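# Observations on the model geometry
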Amino acid sequence: MKTIDPLAAVRADPRKVKHLRLNPAASRNAKRGDYAPLPALPKEIFACTNLETLEVFRGVSGTIVLPPALGKLTRLRVLRLGGTRLAEFPPALGKLTRLEELVCHYVDGITSLPAAIGKLRALHTIAIGGASFTTLPATIGGCRALRSLGIGTSGVREIPKTLWKATRLDRLWLPDGVRALPPGIGALQKLKVLRLTAPALASIRSELGKLKALRELVVVGRGGLPDEVGLLANLVRLEAVGVGLTAIPPTFVQLKKLKKLNLAQNPLATAVSLIVQLPALVELSLAETAIPRPERTAILALMKLAPKRRRA
C-alpha cells in the first residue's frame with residue numbers, strides 16, 4: 001500500500017479544506033493509503049478556517065495540545081478526538097459557536113471540560129471518557145441544544161444539578177462511579193434513554209414517574225430496582241443485569257409496552273407470574289438466576305407463544 005501525506009490538501013490550500021481526518025487505520029481500511037501517526041497535532045490545521053469536521057483517532061503519537069488558535073475554526077461542527085493523550089481543552093473551545101458534536105473516546109489526560117462549554121448553544125452531542133476525566137462543569141446546563149450526553153469509563157462521581165437545565169436531553173449515559181443524582185431530573189421530559197447505577201436510580205425514585213418519554217432503561221451495579229420503575233408507562237426496554245434483585249416488584253405488571261427484559265444474573269426465584277402479564281414482551285433473559293428448572297422450561301415455552309396467548 002502506498003504511503004500518503006494526510007495533510008496534502010492542507011498544505012495545498014487550507015481554506016479549501018472542510019473535512020480533515022487523521023485516522024491511519026481508517027485510511028488503510030479504505031485502501032486510500034498508509035501513514036504513520038504524526039508526532040504532534042500540526043499547526044497547519046488551524047489555518048483551515050472553513051473546516052467543518054476534524055477527526056483525530058490514533059493519528060497523533062504525542063499528547064494533543066489544542067492551542068488558543070482552535071477558536072479560529074469558527075465553522076467547525078464536528079470535533080472527534082480519540083486513541084491518544086489530550087491536554088486540557090482551552091477556553092477557546094467556547095468560540096466554536098457552530099459546534100454540534102464533541103466526541104472524545106479512549107482519551108487520557110483530560111480531567112474536565114472547560115467552563116466555556118456552556119457557550120456552545122448549537123452543541124447537541126457530547127461523548128467523553130477516560131480514566132483521568134473526573135468533572136463536568138456546572139456550565140454544562142448552558143448547552144440548551146444538548147440531546148445526547150454519554151460519559152464512558154471515567155473518574156466522574158458527581159453530576160451537576162445544572163445539567164437538568166438541558167431539557168432537550170433524550171439520551172443520558174452515566175458511568176459506574178455516579179452513585180447518586182441531584183434532584184430535578186424530572187425536568188427532562190424528552191429523555192428516552194437512561195443508563196445509570198442502581199444506587200443512582202434509587203436516588204431519583206421519587207421523580208421516575210415524571211419521565212414520561214423514557215423508553216430504555218439500563219441499570220448496572222448492585223442495589224436492586226425501586227417499585228417506581230413500574231411508573232415508566234412507555235418503557236420498551238429494561239436491562240438490569242446483576243443488580244441484586246431478589247424479587248420482581250409487583251408494580252412491574254404496569255409496564256404494558258415493555259418488549260425487551262433482561263434480568264440475568266439476579267437471585268430471582270420466580271418470574272412466570274410477571275411474564276404472563278406483560279402483553280408486549282417478545283425478548284426475555286433470565287440467565288444465571290435462581291429460578292428452578294421446571295419454571296425455566298415453562299417460561300421458555302410461554303415465550304414461544306404470542307403474548308396474548310400466554311397463561312400461567
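My aim in this report is to walk through the structure given alongside it, one point at a time. Keep in mind that what you see is a predicted model, and the values were worked out from it rather than measured.

## Description of the pattern of salt bridges
- Counting across every chain of the model gives 14 salt bridges.
- Here E55 and R80 are joined by a salt bridge, their closest N and O atoms 3.7 Å apart. Pair noted here: E55 is in strand β2 (residues 53-57) and R80 is in strand β3 (residues 78-85), with a separation of 25 residues, a long-range link.
- Given a relative accessible area of 12%, E55 falls into the buried group.

## Let's talk about the state of the cysteines
- Taken as a whole and assessed by the stated rule, the structure comprises 0 disulfides.
- Not engaged in a disulfide, the cysteine C48 finds its nearest cysteine sulfur in C104; these two sulfurs lie 19 Å apart.
- Not engaged in a disulfide, the cysteine C104 finds its nearest cysteine sulfur in C143; these two sulfurs lie 13 Å apart.

## Some points on a positive patch on the surface
- A contiguous patch of positive charge, built from K192, R215, K257, K259 and K260, is present on the exposed surface.
- For K260, the position within the fold is in strand β11 (residues 260-262).

## Side note on the nonpolar core
- Of all hydrophobic cores here, the largest spans 92 residues; its most connected members are F89, L181 and L217.
- Residues in contact with L217, not counting those within four places in the same chain, are L194, L196, L201, V229, L232, L235, R237, L238 and E239.

Reading the values: the criteria
- Residues numbered from 1 in each chain as written.
- Predicted model: local features only at pLDDT ≥ 70, side-chain atom pairs only at ≥ 80, totals over all residues.
- Heavy atoms only, no water.
- Salt bridge = Lys/Arg side-chain N within 4 Å of Asp/Glu carboxyl O.
- Helix = DSSP H or I, 4+ residues; strand = E, 2+ residues; numbered from the N terminus.
- Buried < 20%, exposed > 50% of the residue type's maximum accessible area, 1.4 Å probe, protein only.
- Disulfide = S-S within 2.5 Å.
- Patch = residues over 30% accessible without salt bridge, like charges linked within 9 Å, V, L, I, M, F, W, Y side chains within 5 Å.
- Areas by Shrake-Rupley, 256 points an atom, 1.4 Å probe, with all protein chains shown as cover.
- Lys, Arg positive; Asp, Glu negative; His and termini not counted.
- Charge placed at Lys NZ, Arg CZ, Asp CG, Glu CD.
- Core = buried A, V, L, I, M, F, W, Y, C linked by side-chain atoms within 4.5 Å.
- Contact = heavy atoms within 4.5 Å.

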